[in-house]
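Results of the structural survey
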Amino acid sequence: MKVGVIVFPGSNCDHDAWYAINNIQQASANFIWHDSPTLGDVDAVILPGGFSYGDYLRCGAIARFSPVMRAVKKFAADGGLVIGICNGFQVLVEVGLLPGALLRNQSLKFICKDVALRTETTNSPFTSTLTKGQTVTLPIAHGEGQYFADAHTLDELEAEDRVAFRYIDNPNGSARDIAGILSRERNVLGLMPHPERACDPLTGSTQGLGIFESMLQSLAVPAR
Amino acid sequence: MTITPELITQHQLTQAEYDKIVSLLGREPSYTELGVFSVMWSEHCSYKSSRIHLKTLPTEGKYVVQGPGENAGVIGIGGGWVVAFKIESHNHPSYIEPFQGAATGVGGILRDIFTMGARPIAVMDSLRFGSIDQHRILTGVVAGIAHYGNCFGVPTVGGETVFESCYSGNPLVNVFALGVCKENEIFYARASGIGNPVIYVGAKTGRDGIHGASMASAEFTEESKQKRPNVQVGDPFLEKLLLEACIEAMKTGAIVAIQDMGAAGLTSSSCEMGSRGGVGIDIDLDLVPQREPGMTAYEMLLSESQERMLLVAEKGREEEVFQVFRKWGLDAVTIGKVTPDGNLRIRHKGKIEAEIPNPALADEAPKYDRPHNVKPYRTAPLDAPAVIPASKDLNADLLRLIGSPDLCSKRWIWQQYDYQVRTNTLAGPGSDAAVVRIKEIGQSVAMSLDGNGRYCYLDPREGAKLAVAECCRNLSTTGALPVAATNNLNFGNPERPEIMAQLVETIAGIGEACRHFETPITGGNVSLYNETLGEGIYPTPVLGIVGLMKTAPPVPVAFQREGAHVFLLGGFRPTDPQRFGSGEYAKVILNQLWGLPPMLDMHYEKRVHEAMREIVAAGLAESAHDLSDGGLAIAASESCTSEIGAKLHIPQGVSPELDLFGEAPSRILITTANPQQVEQIMLRHDVEGCVIGVTIGGQLQIGCEDRMLVNVATEDLKREFETALPNRLEAHA
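Residues numbered from 1 in each chain as written. Chains lettered and ligands numbered in written order. Predicted model: local features only at pLDDT ≥ 70, side-chain atom pairs only at ≥ 80, totals over all residues.

**Quick notes on the overall build of chain B**
- Scanning chain B from terminus to terminus reveals 26 helices and 28 strands.
- What you see for chain B is a C-alpha radius of gyration of 26 Å, in line with the 27 Å of a compact globule of 733 residues.
- Once the C-alpha set of chain B is aligned to its principal axes, its extents read approximately 90 × 50 × 45 Å.
- When each of the 733 residues of chain B is scored for burial, the buried share is 63%. (Helix = DSSP H or I, 4+ residues; strand = E, 2+ residues; numbered from the N terminus. Rg over C-alpha atoms; globule rule 2.2 N^0.38 Å. Buried ≥ 20, exposed ≤ 12 C-beta atoms within 10 Å, placed from the backbone.)

**Overview of helix H7 (residues 98-114) of chain B**
- Look at H7(B): 25 Å from first C-alpha to last across 17 residues, which is about the 24 Å you get at 1.5 Å a residue.
- Taken across its 17 residues, H7(B) has 17 buried, putting it largely inside the fold. (Expected span 1.5 Å × (residues − 1).)

**Some thoughts on the packing of helix H18 (residues 460-478) of chain B against helix H22 (residues 602-617) of chain B**
Residues and elements named next belong to chain B.
- Taken N-terminus to C-terminus, the directions of H18 and H22 make an angle of 15 degrees; their axes are 8 Å apart at the nearest point. The angle between the axes of H18 and H22 places the two elements in the roughly parallel class. In this structure, H18 crosses over H22, and the sense of that crossing is left-handed. Across from Lys 465, Ala 469, Cys 472, Arg 473, Ser 476 and Thr 477 in H18, the residues of H22 making contact are Met 602, Glu 605, His 609, Met 612 and Arg 613. (Axes fitted to C-alpha atoms, helices over the stretch in contact; angles between N-to-C directions. Parallel < 35°, antiparallel > 145°, perpendicular 65-115°, else oblique. Left-handed = near helix turned anticlockwise from the far one by under 90°. Contact = placed C-beta atoms within 7 Å.)

**Comments concerning the interface of chain B and chain A**
- Facing the 23 residues of chain B at the interface are 22 residues of chain A.
- Contributing elements (two or more residues each) for the side of chain B that touches chain A: helix H8 (135-152), helix H10 (236-251) and strand E14 (425-427) of chain B.
- Residues that form the side of chain B that touches chain A fall into these classes: 10 nonpolar, eight polar and five charged. (Nonpolar A, V, L, I, M, F, W, Y, C, P; charged D, E, K, R; others polar.)

**With respect to the sheet that holds strand E10 (residues 308-313) of chain B**
Residue and element names in this part refer to chain B.
- The seven strands lie next to each other as E8-E10-E7-E11-E9-E12-E13, forming an open sheet whose pairing is mixed. Unpaired on one side and paired on the other, strand E8 (255-260) and strand E13 (351-357) mark the two borders of the sheet. In this sheet, neighbouring strand axes are inclined to one another by 25 degrees on average, regardless of whether the strands run parallel or antiparallel.
- Here five bridges tie strand E7 (residues 197-202) to strand E11 (residues 332-339), and the two strands are oriented antiparallel to one another. When the bridges of E11 are listed, Val 198 appears paired with Gly 336. (Pairing = 2+ DSSP bridges.)

**Structural notes on the pairing of strand E12 (residues 343-348) of chain B**
Residue and element names in this part refer to chain B.
- With five of its six residues buried, E12 lies for the most part within the structure.
- The sheet contact formed by strand E9 (residues 280-284) and E12 spans four bridges and is parallel. Looking across to E12, one finds that Ile 283 is bridged to Ile 346.
- When E12 meets E13, the two strands line up antiparallel, connected through six bridges. By the bridge assignment, Asn 343 is partnered in E13 with Pro 357.
- Where E12 folds back onto E13 in an antiparallel hairpin, the turn is made up of two residues, including Lys 349, whose phi is positive at roughly 50 degrees.

**Re the pairing of strand E11 (residues 188-191) of chain A**
All names here are of chain A.
- Where burial is concerned, the two faces of E11 agree: the one with Val 188 and Gly 190 and the one with Leu 189 and Leu 191 are both buried.
- In this structure, strand E10 (residues 178-182) lies alongside E11, joined through three bridges in antiparallel fashion. From the neighbouring strand, Ile 181 faces E11, where its bridge partner is Gly 190.
- Connecting the antiparallel pair E10 and E11 is a turn made up of five residues, with Arg 186 showing a positive phi of about 70 degrees.

**A look at the sheet that holds strand E21 (residues 540-550) of chain B**
Residues and elements named next belong to chain B.
- Read from one edge to the other, the open sheet built from six strands follows the order E14-E15-E16-E21-E17-E18, with strand pairing classed as mixed. Either end of the sheet is taken by a strand with one partner, and the two such strands are E14 and strand E18 (521-527). Pairwise comparison of adjacent strand axes, ignoring direction, gives a mean angle of 25 degrees for this sheet.
- Lying on the sheet, helix H19 (residues 497-516) is in contact with strand E17 (481-490), E18 and E21; it crosses E17 at an angle near 175 degrees.

Following this line, the structure appears as structure tokens:
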């Protein structure tokens, strides 16, 4: 699995994603600078965490205009796997690949801690190796992670089984405890928690590996 | 403009200092030159009151690559890699404008690190506030640190937060940062190569922060709030770009020297680079990127606008540097050149505005041996009260202590910091020492930040030694070997002999202890004039000590399982009534302060550290936590956070209060499956210690003879420990 990690000015979890992927057998990662018009030869794309463009104006609001995002949209439209983590999730909603918005945490404070998530669907290339209802504990580190969408959109997400993960103890006020959602075609995942920070027993947890291993498996055995 | 005595006073220069300026220049300075001298000769930039005493500190050791005098100290960590680290204060700005004051404090120290070519990988903060009810300052400072560090992408991995009323008009915000690079990639701030271009990179220069360094060198008065415009505004996003651009530009090989523009901005960076390299620097201010039109030479030279760097490049290779900065969308322009004459020459609108020999600014600043031949200031009684009131309810006292502002969990604070970014944090906030791995090699760096103003107030020399000892003990508890130190000296007005005596004694104590523990000082910072309306702070040295260890899972603080033997390494070391007055029990429960700090035997302490490291290396410690503030009962309580408690038994000492809560160094609480092996190691190092109990589920019990002194549920301890801070801070929100 060849993974492109997009680097926006202000990305700061790009190295973490790169390191996590490169430590997985049969996976390798390379960086893609934000003004690149193409993605090159990749099987999947990660939009990493951080503060793209300082998160000025609104989180992800400027990054969506980066030249590389046109290529990412096309890649997603063609069925490529795209995962947006934290700031990457914010960019995905800004660019319209995922519905809704991410507001400031209800506490109005940045929160860094481990949170328990419930796996809501295994019907996706990101969750296929997990089991439905499985608890996955991952770190969060964000100031603006409160997922918001109108009731109709939320109903639709649920009806279409597109809620990938829910918080067991909602840390930020997200609507219906949503921590991560899928696109309609199920090939784009956005989530606030950081699976790339939970891929190494030395730093405390390997519970994030399941997401990347699912991607690896689904790429090896195309579902369609 | 004529230089009048009023103008000289306004610039916080004495007449004698002014006369020295005249003699160094051989003429009267211009107004601009006066401004330049005033910042470079300010206490903050020149260390004029402390310099002769700082010279006595040990600065050399086998790990030291670069000692004091550069932007940060550097030590070798093996495999051709080094870490650069330093601590800086931003006390005055954080009082005036907590959010931006603290944020730019983080920004400043980060630039000091990456100026050396090292990528910052860890930050720690030492914070001191007056009362926990002073929320505006506390919440502002914490939000400012979070704002800057989180966006920049450096983990904030530890620190300390202390409350004492003496800090109510002078909060202390000391920030420690550490970065990593290869030894052959270190950059220095020594200009060289006549004709080489001087290049300005980063943010545009504005009118913010003018005279910040001088502000930091004076006491606060009622008018100080008017100095709010002197506090700079930070932009962590710009700093992140500057970091990436600088590191990338350094790789081109075209950069000769580089220094950040911190205090006294353009002035200090240019004259210090010139002075260190023994060359002159010629700058044309018309070429400086400016935020607004109409700025004078004086304003531009003294501006402390953030996120700016000055560098010297190889002539003819400017374009390679510009290309990198363009990629990152940053300004980079040649504003001058290196000259052979050793002068700082400033041109503006075709005129020479200043022409000063660099050494006059950087090295010829006055050095004062201020009077200190008196007893260090203290008003607390030396003797213990005739009767130390007996506790009415030891369980209640324990719960009150564990929920007191100094001892309670600081989770509310550190949860606002990203302590994990870069995925290197092996031990983060809440640990005795933070541990960060270096991915490229199998080595980790441990770090501990510690100070104890109350001890230093009672005895500056002993208090300073205790701070060094505690840092080294924290490192050893995680298994790391302490190798080098940085320090931040926070004091009152040095022109008062009894305050100067505190400073001199403290430096002597740090010197003694750092020699003993083989942790040379590689740099640091001095913050004086921490007085508001005549009320000074406790003498507060903050030590930041760095240790090395093989990359491995660090020993946790919390008890791990039921049925483990609890071993007290170092022994009981009972506290006497006189020394009980310096502790948390006297402060929180008795609301009193008297006596002396705990007794420290540095030889014994070092043997405890050596034994501890060997115990960790042998894999014998399932958990470990050093005994510090609040003594044995608090250390045991802090180890109960995973719902596992302990049943302990202690021998009859002086009194239950002293035995449970007495503070003495050289002690570490360990849980182990193998007490015999722990004991063998202990005996080999000629250290005392014994099994004092066993871990059990859900309860902390401490008995003495046939009496149960303490019996509380771990659930209750945890609740008090974890909810104290949010309850106090959010009740008023």
